[in-house]
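Coordinates in review
This is what each chain is made of:
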Amino acid sequence: MKRKWYILIGLIFMQSIVFAQDLPETAQAALKAYIDMREGYKHSSTKQFSRDEQLTMDDWCYAMEKKFPSTAETEYAWYLNNHFYSDASDRIKKAYDLNPNDQQITRSLFGYYVMQNDLSNAKMLLSKLQFAKNELNYYKDALPQKGVFIVSSEKDAIPVFYLQLKQGIASSVKVVCMDYLISDNYRTKNMKSYSNGTTKFFGAEKAYLKALMNSNADVYLSATVSQGYLDGNESNTYLVGLSYQSNPSSQLDHLQAFWNKIAKKDWANLNLTSAQKRLYTNYLPPLLTLYKLKLARGTDDPVLKKGIVALADKLSQTKNVEMILKSYQ
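Numbering of residues begins from 1 in every chain and follows the order in which that chain's sequence is written. Reporting of local features is limited, given that this is a predicted model, to residues whose pLDDT is at least 70; pairs of side-chain atoms are given and counted only at 80 or more, and all residues count toward the totals for whole chains, interfaces and linings. Hydrogens and water are ignored here; the side-chain numbers use all heavy atoms of the structure.

Quick notes on the packing of helix H5 (residues 89-98) against helix H6 (residues 103-115)
Here, axes are lines fitted to C-alpha atoms. For helices the fit covers the stretch in contact, and angles between N-to-C directions go from 0 to 180 degrees. Helix and strand definitions here come from DSSP, where helices need a minimum of 4 consecutive H or I residues and strands a minimum of 2 consecutive E residues; each element is numbered from the N-terminal end. Orientation of H5 relative to H6, taken along the N-to-C sense of each, is 140°, at an axis distance of 9 Å. In terms of their interaxial angle, H5 and H6 are classed as oblique. Of the two elements, H5 crosses H6, and the hand of that crossing is left-handed. Residues Ser89, Ile92, Lys93, Ala95 and Tyr96 of H5 touch H6, and the partners they reach there are Ile105, Thr106, Ser108, Leu109, Tyr112 and Tyr113. Under the grouping applied here, Gly and all other residues not named as nonpolar or charged are polar, the nonpolar ones being Ala, Val, Leu, Ile, Met, Phe, Trp, Tyr, Cys and Pro and the charged ones Asp, Glu, Lys and Arg. Of the residues assigned to the contact of H5 with H6, the class counts are 7 nonpolar, 3 polar and 1 charged. Angles are sorted into four bins: roughly parallel if under 35 degrees, roughly antiparallel if over 145, roughly perpendicular if 65 to 115, and oblique for all others. By definition, any crossing whose near helix is turned counterclockwise from its far helix by less than a right angle is left-handed, and any crossing with a clockwise turn is right-handed. Residue contacts follow a heavy-atom distance rule, with two residues in contact if any of their heavy atoms lie within 4.5 Å.

Here is the structure:
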């Protein structure tokens, strides 16, 4: 029995050596490859990874530890690999100590402090955070005025936390990050008033979100969340802007208020990166839905239509949007 165990350990060790040899030549490139791999493994309706996916990511982190020991990149990879659990706090803090100028590490440490409700330490990092104006403007438009705002990932949560703590925008809104809901400690401390009897999240995300969204009229699910998480809850969930809401009082009124909020934007002169284009594409569905609802009530809105077309041009979605608008006629 011991011999088999030693053989297994040996095989694992040999596999790590192979991975270490196959890693990129720099810690920065190895971290980027890990993040790209992790993003590629993400699923559309669960935060879980398959057993093989998790083992591959584990092996990659072990290989980084062997090839790039005591580096910020290796510590940060381990932090991500532990799914943001609080017991990985040493990893993100060490990563920051090793490289306090790395923006993605600083963002994650900021998010960690917010997750722990350690706002004094979170605020100390505010001056080090950097955001593009277009990124912040998107999340300003996405934030509701009250209630609970559920975002898919830490990537979405960080700019929202920044807007709340730095600029005082929608400071009363409770922002819930689905990455953090994986942590039992976070969920227990933050979601007692909203869980509606549903305590399990990891592996039961759709059921948890359904219960959460139906527990309170002012719960909003960010449009950046994959629609796969809405399976089983589509019949009473409506797009009300850059978010979804269960059983809104009036979808039309919500969408009109959203359009009133953004109507004066200079869509034609937006200068967007490729990542920002993907983000801003979320503006199109609510605006198209509003235009369709208005037409169904016998009202054409040329200003709204012009805004939709201008945004579509900027997002390289002109043909698709033209086809949709034509189908409304």
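After presenting the structure, the write-up continues.
Details of the packing of aromatic side chains
Stacked, tilted and edge-to-face are the three classes applied to pairs of Phe, Tyr and Trp rings, where Trp contributes its six-membered ring and a pair requires centres within 6.5 Å; stacked means planes under 30 degrees apart, edge-to-face means over 60, and tilted covers the rest. Evaluation of the coordinates by the stated rule reveals 11 aromatic pairs. With a centroid separation of 4.7 Å and 50° between ring planes, the pair formed by Phe131 and Tyr162 is classed as tilted. With Phe131 in the loop between helix H7 (119-124) and helix H8 (133-142) and Tyr162 in helix H9 (residues 154-167), the pair connects residues that are 31 residues apart, well separated along the chain. Burial status follows relative accessibility: with a 1.4 Å probe on protein chains alone, a residue under 20% of its type maximum counts as buried, one over 50% as exposed, and anything between as partly exposed. Accessibility expressed as a relative area gives 16% for Phe131, which makes it buried. Here the aromatic residues Tyr138, Tyr139, Phe258, Trp267, Tyr280 and Tyr283 are joined through ring pairs into a cluster of three or more.

Quick look at helix H16 (residues 302-314)
Working rule for helices: expected span equals 1.5 Å times residues minus one. For H16, which comprises 13 residues, the first-to-last C-alpha distance of 18 Å matches the rise-based estimate of 18 Å (1.5 Å per residue) to within 8%. Among the residues making up H16, those that are buried are Leu304, Gly307, Ile308, Leu311 and Ala312. Considered in projection along H16, the buried side chains sweep an arc of 130° and stay on one side of the axis. Exposed and facing more than 90 degrees away from the buried side of H16 are Pro302, Val303 and Lys306. Contact partners of the buried residues in H16: helix H13 (251-262), helix H14 (274-280), helix H15 (284-296) and helix H17 (318-328). Phi turns positive one or two residues past the end of H16, at Ser316, with a value near 60°. Summarising the geometry, the arc corresponds to the directions from the helix axis toward the C-beta atoms.

So, the pattern of salt bridges
Close approach of charged atoms allows side chains of opposite charge to pair. What makes a salt bridge here is a side-chain nitrogen of Lys or Arg within 4 Å of a carboxyl oxygen of Asp or Glu, nothing more. Inspection of the entire model under this criterion finds 13 salt bridges. Note that Lys67 and Glu25 form a salt bridge whose closest N and O atoms lie 3.7 Å from each other. In this pair, Lys67 is assigned in helix H3 (residues 51-67) and Glu25 in the loop between helix H1 (2-22) and helix H2 (27-41), connecting sequence segments 42 residues apart. Using a relative accessible area of 65% as the deciding quantity, one classes Glu25 as exposed. Between Asp179 and Lys47 there is a salt bridge, with the nearest N and O atoms lying 3.0 Å from each other. On the criterion of sequence distance, the pair formed by Asp179 in helix H10 (residues 178-181) and Lys47 in the loop between H2 and H3 is long-range, its members being 132 residues apart.

Remarks on the packing of helix H4 (residues 72-81) against H6
Packed helices, taken two at a time, are described by the angle between their axes plus the distance between the axes. Viewed as axis vectors pointing N to C, H4 and H6 meet at an angle of 40°, and their least axial separation amounts to 11 Å. Here H4 is positioned oblique relative to H6, judged by the angle of their axes. Relative to H6, the crossing made by H4 is left-handed. Every residue of H6 that contacts H4 at Ala72, Tyr76 and Tyr79 is listed here: Gln104, Ile105, Ser108, Tyr112 and Met115. Class assignment for the residues of the contact of H4 with H6 results in 6 nonpolar, 2 polar and no charged.

A short note on the environment of Val151
Relative to the assigned elements, Val151 resides in strand E1 (residues 148-151). Since its relative accessible area comes to 0%, Val151 is described here as buried. For the pair Val151 and Leu221, spaced 70 residues apart in sequence, the C-alpha separation works out to 6.5 Å. With residues near it in sequence (within four places) discarded, Val151 still touches Asp156, Ala157, Val175, Val176, Cys177, Met178, Ser222 and Val225.

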